[in-house]
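The chain contents come next:
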Amino acid sequence: MSPVPDATDRPAAAVSRSVVIDRPGAHRLVEREVPAPRPGEVLVRVAAAGICMSDREVLDGQRAPGYVRYPVTPGHEWAGTVEAVGDGVDPALVGRRTVAEGFRSCGVCERCRCGETSLCTGGYAETGFTEPGAFADHLTVPARLLHPLPDDADLRAAALLEPAAVIAAAVRAGRPRPTERVAVVGAGTLGLLAVQLLAASSPAELVVIDPRVARAEAALRFGATGALTPEGGEALRGRFDLVVETAGAPSTAASSCLLARRGGRVVLTGMFTAGATGIDPVHLSVSQLEVRSVFGASAEAWADAVRAFALGLLDPAPLVTHEFPLERFADAIALVGSGDPTTGKVLLRP
């Protein structure tokens, strides 16, 4: 009989690191064994994960109650490679580059069965907020939420497909048509992604409005025909067939409605906080505006974003300005929301 090896003879368990926010203001980098995918899940090796303002809100304790569960590993914008699959999952997925929907929709409620998975009535659950996210070496996600990428996909750029899916949802809601006049309010990550997707609809005019002149002018490289400050935009009130709001600033919902022509369409994608300026109901009714809002993205919108990325209609790579390793999470998140106009998308690279 072979001798039983002692602890010093056994191979060390593979280690996976993750950022954990235990409570508002308190985070740490922890090590654990690589998680095993459960039935119906896949294990993904994270290549890159984007940081957005909602992650900053989780750290600062400003996320709305019910939309975060501490302790939590944040990270809802990510791309990676499937390393293992659980029972019932196609083993051919191993080695595939992929992204995945963040909402853990139930798949069986009326909204899910109608394809509106971002409106799932089964209860809120989302990767990086209530479920472990991608500020880690590995994460596990339900295989049904995957959107596989081309074999040669740039995973650094693909980490931005989550915000791109939100914009794809806004474009679906806005229904842009060729030769229309379109305005994008805000030139952050969402705004610049919106410019790329909206430019593909051949608008007659595509104007970006942002108080940060350099950010607004950056949109010209992505297909915008004009860049204005909010003061400059006031002269164009009532001009646009479609207005896509991406900033979430206190005044931008109301000002976006003023930019739309009578009978025009407005899509709000920014995350507003209490106290934001309300939309004038008199202007809304007299102008017969169609106003839609977007929170997250449906499976259909995710598919749109992934297709646009694969076809080269969407290139998020130029939006990335900073990259940090996991152990520099504090430095990375400090840049987000710092107000520096030269800071674009910040990535963690496990």
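Just so we're clear, the structure is a prediction, and the values are computed from it rather than from any experiment.

A. Quick look at the sheet that holds strand β10 (residues 226–228). Across the sheet, which stays open at both edges, the six strands sit in the order β10-β9-β8-β11-β12-β13 with parallel pairing between neighbours. A strand with exactly one partner marks an edge of an open sheet, and here the two such strands are β10 and β13 (290–293). The sheet shows a mean angle of 20° between the axes of neighbouring strands, taken without regard to direction. The sheet contact formed by strand β9 (residues 205–209) and β10 spans three bridges and is parallel. Bridge assignment links Val 207 to a residue of β10, and that residue is Gly 226.

B. Representation of the environment of His 322 in the model. By the element assignment, His 322 lies in strand β14 (residues 320–324). The class of His 322 is partly exposed, set by a relative accessible area of 24%. Spatially, the C-alpha atoms of His 322 and Gly 344 are 7.5 Å apart, while their sequence positions differ by 22 residues. Excluding its chain neighbours within four sequence positions, the residues that come into contact with His 322 are Leu 335, Thr 342, Thr 343, Lys 345, Val 346 and Leu 347. Reaching out from His 322, the side chain makes a polar contact with the side chain of Thr 321 at a distance of 2.7 Å.

C. Inspection of the environment of Glu 101 at higher detail. One can find Glu 101 in the loop between β5 (97–100) and α2 (110–113). The spacing of Glu 101 and Glu 77 is 24 residues in sequence and 9.3 Å in space, taken between C-alpha atoms. If near-sequence neighbours (up to four positions away) are discounted, Glu 101 is found in contact with Thr 117, Leu 145, His 147, Ala 299 and Trp 302. Within the structure, the side chain of Glu 101 is placed 2.8 Å from the side chain of His 147, a separation counted as a polar contact.

D. Structural context of the UniProt feature "domain: Enoyl reductase (ER)" (unreviewed entry) in the chain. As recorded in UniProt, the sites labelled "domain: Enoyl reductase (ER)" (unreviewed entry) are residues 22–348. Along residues 22–348, the helical share is 26% and the strand share 25%, with 19 Å between the first and last C-alpha atoms.

E. Geometry of the packing of helix α4 (residues 161–174) against helix α10 (residues 299–311). Interhelical geometry of α4 versus α10 gives an angle of 110° and a closest axis separation of 8 Å. As summarised for this structure, α4 and α10 are arranged roughly perpendicular, according to the angle between their axes. As for how α4 packs across α10, the hand of that crossing is right-handed. Every residue of α10 that contacts α4 at Leu 161, Glu 162, Ala 164, Ala 165, Ala 168, Ala 169 and Arg 172 is listed here: Glu 300, Ala 301, Trp 302, Asp 304, Ala 305, Val 306 and Phe 309. Partitioning the contact of α4 with α10 into residue classes produces 10 nonpolar, no polar and four charged.

How each quantity is defined
- Residues numbered from 1 in each chain as written.
- Predicted model: local features only at pLDDT ≥ 70, side-chain atom pairs only at ≥ 80, totals over all residues.
- Heavy atoms only, no water.
- Pairing = 2+ DSSP bridges.
- Helix = DSSP H or I, 4+ residues; strand = E, 2+ residues; numbered from the N terminus.
- Axes fitted to C-alpha atoms, helices over the stretch in contact; angles between N-to-C directions.
- Buried < 20%, exposed > 50% of the residue type's maximum accessible area, 1.4 Å probe, protein only.
- Contact = heavy atoms within 4.5 Å.
- Polar contact = N/O pair within 3.5 Å; in protein donor to acceptor, adjacent residues only side chain to side chain.
- UniProt positions renumbered as here; feature names shortened; annotations may be inferred.
- Parallel < 35°, antiparallel > 145°, perpendicular 65-115°, else oblique.
- Left-handed = near helix turned anticlockwise from the far one by under 90°.
- Nonpolar A, V, L, I, M, F, W, Y, C, P; charged D, E, K, R; others polar.

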